[in-house]
Amino acid sequence: MNRMRQLEEKIQMQRRRVNDFKNLIDFTIELKELLNARTKKLQLTFLNKKVNELLHNVISSRFGMAERNFHNKLDFWKFWISTYKHLNWFDKLEQVYRKHNKTYGQKDATLWIEGALLPVRRNGPSRINESREIFVECLRVHKKNSRIYIAWCKLEFFCVDLINQNTKKGESKKNYQTIELIYTDGINNCGNQPAFYLELYQAVKNFPSSSNFRTKLLRDMEDNCGNNEDTYDILAQVNFNLVGGDVKNEQNVMKCISYYEKGIETVHSEKMYQLYIDALDKIAMKITVSSGNDELLRYQVIENICSVYERAHRKHFLPMNGYFAWVNPTNFLLKSCIYRFNFLDSSNQATR
């Protein structure tokens, strides 16, 4: 008890130090666990309930008092939430998230999103409406935050898959309607950046129920962000990875290349050519080191690399490090390419 008194006095003297408050709470929890172990060892387990109630009240009241001093500090809220998780106080935890949303949550949506997921994580799809209400409130404050739309869509697909597993497929209709509304709102507020579509795709790709949605998502990204180099890089990489990045499949490789070809036709920039060259380098390397590699396919890819270098040079989109990479005698991927000799003259003229 002396130790607890010392910690309390320290907090009173230095009200703005979150770490001092953490030390006091940690000590209280250790004391609770120690008393529980002692009462169990002495076969006085009937006292556990009283001890727990007493210390629970102490911890709750201390957090309540500390909130006045630390409500604007993220590490305080994280500590409060992690403490209640450790103690399995999930009913009280939902109350903490609500307090956070009215204070620090107005500046940062991270813990607000976490709190919105909690009802479904605890009780399944039966509490999806509560999660939806929290997400709606969050979006009123953080309208442009793409993470909210992504987390909400992911939660809806999670519920759809659980419902479908229970052979109640008709009940998931509202989830799909909600997803459509969230996604449309997300496009209106965040849909001008390819990263939004990529992160959403990655978030829902493991849900079987999201197959049609993912196809639409990639199509919308191309329609809405067609002038962005990253769009074509993402489309190529996603489609290539759908079959595990299989470089033994010529059709798979050529489809990946076709997206980059479309990219350099649509977006005329150094970055677009660089993304294309980097991707071809990786594909060629994979073909070279893979067992049972296809020499003809490898040669086709190397030809593509040479062709892209030449076109980038001709249109003045090849950076200087591209010229140095090209004439590097250790670049074994390019040494065997017949285009290299035709290009050397051009590159030598450019670097003089």
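Data block above holds the structure.
Residues numbered from 1 in each chain as written. Predicted model: local features only at pLDDT ≥ 70, side-chain atom pairs only at ≥ 80, totals over all residues. Heavy atoms only, no water.

Student: For this particular structure, what's the right way to read the overall build of the protein?
Tutor: A count of helices and strands for the protein gives 18 helices and 0 strands. The buried share of the protein, taken over its 352 residues, is 47%. Contacts in the protein between residues at least 24 apart in sequence constitute 60% of all its contacts with a sequence separation of at least 6. Roughly 19300 Å² of accessible area belongs to the protein as shown, and the carbon and sulfur atoms make up 50% of that amount. (Helix = DSSP H or I, 4+ residues; strand = E, 2+ residues; numbered from the N terminus. Buried < 20%, exposed > 50% of the residue type's maximum accessible area, 1.4 Å probe, protein only. Contact = heavy atoms within 4.5 Å. Areas by Shrake-Rupley, 256 points an atom, 1.4 Å probe, with all protein chains shown as cover.)

Student: I tried to follow the packing of aromatic side chains on my own but got confused; where do I start?
Tutor: Here a ring pair, both rings aromatic, is described through the centre-centre distance and the interplanar angle of the planes. The final tally for this structure, using the stated rule, is 16 aromatic pairs. Seen in terms of ring centroids, Phe63 and Trp80 are 5.1 Å apart; in terms of plane orientation they differ by 5 degrees. Their pairing is stacked. One end of the pair, Phe63, is in helix H3 (residues 48-70); the other, Trp80, is in helix H4 (residues 74-86), and 17 residues separate them in sequence. The exposure class assigned to Trp80 is buried, which follows from its relative accessible area of 3%. (Phe/Tyr/Trp six-rings, centres within 6.5 Å; stacked < 30°, edge-to-face > 60°.)

Student: Would you explain empty space enclosed by the protein in this entry?
Tutor: Any empty space left between atoms is shown by rolling a water-sized probe over those atoms. Across all of its chains, the model carries 1 cavity of 30 Å³ or more by this definition. There is about 60 Å³ of room inside the largest cavity. Around the largest cavity sit Glu94, Tyr97, Arg98, Asn101, Gly115, Ala116, Leu118, Pro119 and Ile134, which together line it. For the lining of the largest cavity, a count of residues per class yields 5 nonpolar, 2 polar and 2 charged. (1 Å grid on protein atoms, 1.4 Å probe; cavity = no way out; pocket = protein on both sides within 12 Å on 5 of 7 lines; lining within 4 Å. Points joined across faces, edges and corners; volume = space filled by probe spheres on them. Nonpolar A, V, L, I, M, F, W, Y, C, P; charged D, E, K, R; others polar.)

Student: Teacher, can you tell me more about unusual backbone geometry here?
Tutor: What you tend to see is this: most non-glycine residues have negative phi, and most peptide bonds are trans. Although it is not a glycine, Asn88 sits at a positive phi angle of roughly 60 degrees. By the secondary structure assignment, Asn88 is in the loop between H4 and helix H5 (90-102). Of the residues examined, Asn88 reaches a relative accessible area of 55% and is grouped as exposed. Backbone geometry at His316 places phi at a positive 65 degrees, although glycine is not the residue there. Mapped onto the elements of the fold, His316 is located in the loop between helix H15 (295-314) and helix H16 (320-327).

Student: What am I meant to see in the environment of Asn224 here?
Tutor: Mapped onto the fold, Asn224 is located in helix H11 (residues 211-224). Its relative accessible area of 40% is what places Asn224 among the partly exposed residues. Linking Asn224 and Pro194, residues 30 residues apart in sequence, is a C-alpha distance of 8.6 Å. At 2.9 Å, the side chain of Asn224 forms a polar contact with the side chain of Tyr197. (Polar contact = N/O pair within 3.5 Å; in protein donor to acceptor, adjacent residues only side chain to side chain.)

Student: Explanation requested: the side chain of Thr83 in the structure shown.
Tutor: Along the polypeptide, Thr83 turns up in helix H4. Assessed through its relative accessible area of 4%, Thr83 is described here as buried. Among the polar contacts listed, one links the side chain of Thr83 to the backbone oxygen of Phe79, at a separation of 2.7 Å. Thr83 has contacts with Ile25, Ile29 and Phe63, leaving out every residue within four places of it along the chain.

Student: What am I meant to see in the packing of helix H9 (residues 173-190) against helix H10 (residues 194-204) here?
Tutor: When two helices pack together, you describe them by how their axes are tilted relative to each other and by the distance separating the axes. Following both chains from N to C, one finds H9 and H10 inclined at 150 degrees, their axes separated by 10 Å at the closest point. Classified by the interaxial angle, the pair formed by H9 and H10 is roughly antiparallel. Classified by chirality, the crossing of H10 by H9 is right-handed. Facing Tyr183, Gly186, Ile187 and Cys190 of H9, the residues of H10 in contact are Phe196, Tyr197 and Leu200. Along the lines of polarity and charge, the residues of the contact of H9 with H10 split into 6 nonpolar, 1 polar and no charged. (Axes fitted to C-alpha atoms, helices over the stretch in contact; angles between N-to-C directions. Parallel < 35°, antiparallel > 145°, perpendicular 65-115°, else oblique. Left-handed = near helix turned anticlockwise from the far one by under 90°.)

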